[in-house]
Amino acid sequence: MYCLVNINRLAEEYVVMRKKNSWQYIILSLKVKKRCSSCLSRMRPRYKRLVDNIFPSVPQDGLVKNNMEKLTFYALSSPEKLDRIGEYLFQKASRDISRKRNEFVMIAMEAMDQLLVACHAQTLNLFVESYLRIVQKLLESSEPSLQILATQSFVRFSNIEEDTPSYHRRYDFFVSKFSSMCHNNNPNLVTMEMIRMAGIKGIQGVIRKTVSDDLVENIWEPVHMDKIVPSLLFNMHTMKSKTDIVVESGISEEVNDKTDSFSLAESCLRELIGRASFGHVKSVIRPVLKHLDAHHMWVPNVFATQCFRILMFSIQSQYSYAVVETLMTHLDENGNASPKIRTSIADVLSKIIAIAANESVGPTVLEIINSLLTNLRTSVTRRPPSNTGLSESDGENEYREALIHALGEFAAHLPDYQKIEIMMFIMSKVPQFKSSNNPNDLHVQRMCLKSLLMVSTKYSSVQMNATFPQSFLDLLLKTLTASEDEIRFIVLRILHTLLDRHNNASKLSKATVNITKSEINLEKCSRSDTIFIRKHAQDIYVSIYESLEMTNNTVENVEAVYTTLALICIELLSEETVLDFIRLILSIQELAITNAVLSTQQKFHLHGLVISIMLLVAIVTDLHPLKDYVEKVIEQRKLLSATHLLPELSVHNEVKSSSLLPAGVLIEEPELTEALKASGIDITTETGPVLAHRRSWVENTNMSMKGSFTDLSNLDLDSVNSTPAMQRRFSPNEDLSFEAMKRSLLDNPVVRVEQNTRQTQLCDMFRNTSFQDLVAISTASKDEESLHSKITDVFNKVDISNKLSAVETTNQPIPIYETLFPELFAF
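Since the structure is predicted, the reported quantities are computational estimates derived from the model, not experimental observations.

(A) The overall build of the protein chain, seen in detail. When helices and strands are tallied, the protein chain shows 34 helices and zero strands. Taken over 827 residues, the protein chain has a buried fraction of 47%. When the accessible surface of the protein chain is split by element, carbon and sulfur atoms take 53% of a total near 41800 Å².

In structure tokens form, the structure reads like this:
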């Protein structure tokens, strides 16, 4: 009442003074205003008075700390007032923003921040709504300082863990606004950098507030990820281009204080993918792929590689293979893109796939391998458009090599048992045929084998029975007899990598007779390896023999066979298995002598291969008499100008024919037998002929090798090899008449040429003619009753005199089979 009386009295005086227009009017008006405000302030709510008191009369003085403490205490004591405090602060800040009073706006935001940190009540959600409205108001301002202020406050808010979830809060505006700030192009470079950094920090804050709260808006939706991820990549690429930062390891040099947008963007991307669950990984990867496609960043792929390595190193390890699968799917979707783009994608894949290998198990491994092989096969069948003028080698070969390299990198980081499974899986995908006129089929076979070779180089053999499962070895040996020389060469290289356990392959890449035992890394053959070679020697030796029969063998093929045989000798041979290996060597020498299809140069190569391997056998097994004999043969070849029968394997233009071989230049079987006996090899334990030809492992060669070995225990047989100008003939169908013997003794060159020509034509016919044509040729000269006549001849030769005693003979005798089996011929 006292205040109201005083106010009324002052009002009356004010009216009187105003009429007199006195100077006292002004003084009195000030008194009235002061008295009114003082009285009205006492009538206002306490939270408003506390809020008003935190603002100083001069904004430069900043927040009044004592009054702020009072406001904080009041908020903690009366948490139900928080929403009103927030609303009142929002009104004051909005009024100050409209009046451009930025200093008071900053004071209001500081007060908001302190209240957020101090209060953790359940009613904080209502206060947060007012807070977010202020932040949004500041972000909508055109003042860079206010935008940065709002971002800094929002980042502090994002680090606060709230006690209760929010059901109605939305952050879509903040995602859009912060993303747009990441693309700011302010003319002032310093201001532009500050705004971009503020945008990245804001995105990071949104991620922290939304990822851990399932009740707020789903940040993983494409509408949000399509804004967040490209904004981060834009800043990473822009700063990278400015500073020329090239990071080979995929992990950039971290800046401790995060003073540049590149480091901030990278850190934010790491945090984003690190917080992603399995179902959300693809939500992050797809915008990355879309950004790289839209801005043509695959060629060159330095930035793309860096991005994916960042993702792989930041993602939860158990989800890393999901990145690989998404990238491979993207590669499939870009099947019609240019070879350079596909090659770049495959190259990125090869650089990150190893990271996922450690966490990939079971079906995932085979899915990745199968996808790579599918892309290889698709690339083989792809042809460039006719209007581009590009050849297949302009990009497809690089693309395939990148895929093979990716497969190898993936396999390199898998355990050995999975590498074996991968090799078996790849081998099952290799088309199995010995000859084909379709170049695509051959190319698919070649690419699959190159993939297998890449995987085999990453595998370390321990025991051969584990390295070569039965099914895998059978397919590998079957492919070894393919008609293409390049395919056989790749298979031999695969065998090299799997057989070589002591790094001897590089020392045995060329056939040589100058090798010593000290140059080789030797280890005694284990019992398990001995059992392995005894079990599989027949199949292995037959396949190697058949590969040497091919007429398109080059020097590289023969040298690869030498390396294979040398590794078998070093890794698997023992006294128990050396005889079978020597039989194979003698078979190869016999092939060089009797084969009429191989060229002269190829026969020379085989002779060089035989002498080199025989010497290596003597060195490895410490058979000194055998070594002395082989060295004697080598010296004999040098003395008799037969150096073309020695390594190095090359083209010998000075020798025209291999039919005339001087005496003593070949490995003689009697002398070889004596050398083996002198070396302590027990040749009497073998059943049958000591070094005789074993039909069990050559009967499927479909080649006439009869007589390739003679019984070395029967020393009364003369060696034909010692007789110059003579050739062995062991054809089972050859003519043994007097004229044939005469021609053989005279050794007419014309007859020999004719015989060689017939043999060549016959071999070509059986190699190149289809099965149906061969059947037609074989049955063309036979009459329709041939089977009937044969049966008649067989039964006529049977002795049945006792059983036919009661049968009456007539002028037309009854056939024997009709007499014995009348029910079969009843009409």
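What follows continues from the structure just given.
(B) Focus on the packing of helix H24 (residues 527-548) against helix H26 (residues 578-594). One can describe the packing of H24 onto H26 by two numbers: an axis separation of 11 Å at closest approach and a directional angle of 15 degrees. By the angle between their directions, the pair H24 and H26 is classed as roughly parallel. Classified by chirality, the crossing of H26 by H24 is right-handed. Between H24 and H26, the contacting residues are Tyr541, Tyr545 and Leu548 on the first element and Asp580, Phe581, Leu584, Ser587, Ile588 and Leu591 on the second. Taken together, the residues of the contact of H24 with H26 break down into seven nonpolar, one polar and one charged.

(C) The environment of Glu398, seen in detail. Structurally, Glu398 can be placed in helix H18 (residues 396-412). Expressed as a C-alpha distance, the spacing of Glu398 and Thr343, which sit 55 residues apart in the sequence, is 6.5 Å.

(D) Spotlight on empty space enclosed by the protein. On inspection of all chains with the given rule, the structure shows six cavities of 30 Å³ or more. For the largest cavity, the full set of lining residues is Phe468, Leu473, Leu495, Leu499, Phe532, Ile540, Thr564, Ile568 and Leu572. Mapped onto the lining of the largest cavity, the elements with two or more residues apiece are helix H23 (485-499), H24 and helix H25 (555-572). Residue composition of the lining of the largest cavity, by class: eight nonpolar, one polar and no charged.

(E) Region of interest: unusual backbone geometry. With an omega dihedral of -10 degrees, the bond running from Val299 to Pro300 counts as a cis peptide bond. Within the fold, Pro300 resides in the loop between helix H13 (281-294) and helix H14 (302-314). Of note in the backbone geometry, Lys100 takes a positive phi value of approximately 65 degrees without being a glycine. Here Lys100 lies in the loop between helix H5 (82-98) and helix H6 (102-118). Unusually for a residue other than glycine, His296 sits at a positive phi of about 55 degrees. Relative to the helices and strands, His296 resides in the loop between H13 and H14. Overall, His296 belongs to the exposed group, its relative accessible area being 67%.

(F) Layout of the environment of Arg101. In this fold, Arg101 is placed in the loop between H5 and H6. With 42 residues separating them in the primary sequence, Arg101 and Pro59 have C-alpha atoms 9.0 Å apart.

(G) The nonpolar core, seen in detail. In terms of nonpolar packing, the biggest core is built from 214 residues, with Phe154, Phe308, Phe468, Phe581 and Leu609 touching the most fellow members. It is helix H27 (residues 600-620) that contributes the most residues to this core, twelve residues altogether. Apart from the residues within four sequence positions on either side, Leu609 is in contact with Leu548, Val558, Val561, Tyr562, Leu565 and Ile588. Judged by nonpolar contacts, the second largest core, of seven residues, contains Phe604, Ala642, Val665 and Leu666.

(H) Main features of the packing of helix H19 (residues 416-429) against helix H20 (residues 439-457). Two elements in contact, H19 and H20, have axes separated by 9 Å at closest approach and are oriented at 170 degrees. Comparing the axis directions of H19 and H20 gives the class roughly antiparallel. Of the residues in H20, those in contact with Lys419, Ile422, Met423, Ile426, Met427 and Lys429 of H19 are Cys448, Leu449, Ser451, Leu452, Val455 and Ser456.

(I) Region of interest: the pattern of salt bridges. Counted according to the given criterion, the structure contains 18 salt bridges. The salt bridge involving Lys351 is made with Asp347; its shortest N-O contact spans 3.1 Å. Taken together, the residues Lys351 and Asp347, both in helix H16 (residues 339-357) and four residues apart, mark about one turn of the helix. Taking the relative accessible area as the measure of exposure, Asp347 reaches 22% and is therefore partly exposed.

(J) The packing of aromatic side chains, seen in detail. By the definition in use, this model includes 16 aromatic pairs. Ring centres of Tyr171 and Phe174 lie 6.1 Å apart, and the angle between their planes is 50 degrees; on these two criteria the pair is classed as tilted. Tyr171 gets classed as buried once you look at its relative accessible area, which sits at 2%. You can call Phe174 buried: its relative accessible area is 2%. For the pair Phe468 and Phe532, a centre-to-centre distance of 6.0 Å together with 25 degrees between the ring planes defines the contact as stacked. In this pair, Phe468 sits in the loop between helix H21 (464-467) and helix H22 (470-480) while Phe532 sits in helix H24, placing the two residues 64 residues apart along the sequence. As far as burial versus exposure is concerned, Phe468 and Phe532 are alike and both buried.

(K) Representation of the environment of Asp83. Here Asp83 is to be found in helix H5. A C-alpha to C-alpha distance of 5.2 Å links Asp83 and Leu126, two positions 43 residues apart in sequence. In this view, Asp83 contacts Leu126, Phe127 and Ser130; residues no more than four positions away in its chain are not counted.

(L) Representation of H26. Between its first and last C-alpha, H26 extends 24 Å over 17 residues, near the 24 Å set by a 1.5 Å rise per residue. When you tally the buried positions in H26, you get 15 out of 17 residues, the bulk of the element.

(M) Molecular detail of the confidence of the model for the protein chain. Here the protein chain averages 78 in pLDDT, while 72% of its residues score no lower than 70. In this model residues 1-5 is a low-confidence stretch, pLDDT under 50, and it forms one contact with partners more than four residues away in sequence or in other chains. Residue range residues 241-257 is modelled with pLDDT below 50. Its contacts to residues more than four positions away, or to other chains, number 24 contacts.

Rules used throughout
- Position labels on residues start from 1 in each chain and follow its written sequence.
- The model is predicted, so local features are restricted to residues of pLDDT at least 70 and side-chain atom pairs to those at 80 or more, both for listing and for counting; the totals for chains, interfaces and linings are taken over all residues.
- With hydrogens and water excluded, all non-hydrogen atoms of the structure serve as input to the side-chain values.
- Secondary structure elements follow DSSP: runs of H or I no shorter than four residues count as helices, runs of E no shorter than two count as strands, and numbering proceeds from the N terminus.
- Using a 1.4 Å probe on the protein chains alone, a residue whose accessible area is under 20% of its type maximum counts as buried, one over 50% counts as exposed, and one in between counts as partly exposed.
- In these tables, accessible area is a Shrake-Rupley quantity obtained with a 1.4 Å probe, and a residue counts as shielded only by the protein chains included in the view.
- Axis geometry follows a simple rule: fit a line to the C-alpha atoms, using only the stretch in contact for helices, then measure angles between N-to-C directions, giving values from 0 to 180 degrees.
- Here the word oblique covers every angle except those under 35 degrees (roughly parallel), over 145 (roughly antiparallel) and from 65 to 115 (roughly perpendicular).
- By the definition used in this description, the sense in which the near helix is turned from the far one sets the handedness, with an anticlockwise turn below a right angle giving left-handed and a clockwise turn giving right-handed.
- Contacts were defined at the residue level, with two residues in contact if any of their heavy atoms lie within 4.5 Å.
- Ten residues, namely Ala, Val, Leu, Ile, Met, Phe, Trp, Tyr, Cys and Pro, are considered nonpolar, four, namely Asp, Glu, Lys and Arg, are considered charged, and the remaining ones, Gly among them, are considered polar.
- Within this scheme a cavity is a closed region of a 1 Å grid, computed over the protein atoms alone, that accommodates a 1.4 Å probe without allowing it to escape, whereas a pocket is open but has protein on both sides within 12 Å along at least five of seven lines; lining residues each have an atom within 4 Å of a point.
- Grid points are joined across faces, edges and corners, and a volume is the space filled by probe spheres set on the points.
- Residues belong to a common nonpolar core when they are buried Ala, Val, Leu, Ile, Met, Phe, Trp, Tyr or Cys residues joined through side-chain atoms within 4.5 Å.
- Salt bridges, as used here, are contacts in which a Lys or Arg side-chain nitrogen is within 4 Å of a carboxyl oxygen on Asp or Glu.
- Stacked, edge-to-face and tilted are the three classes for Phe, Tyr and Trp ring pairs, Trp counted by its six-membered ring, which pair at centre distances within 6.5 Å; planes under 30 degrees apart are stacked, over 60 edge-to-face, the rest tilted.
- Every helix has an expected span of 1.5 Å times one less than the residues it contains.
- The predictor reports its confidence for every residue as pLDDT, a score running from 0 up to 100.

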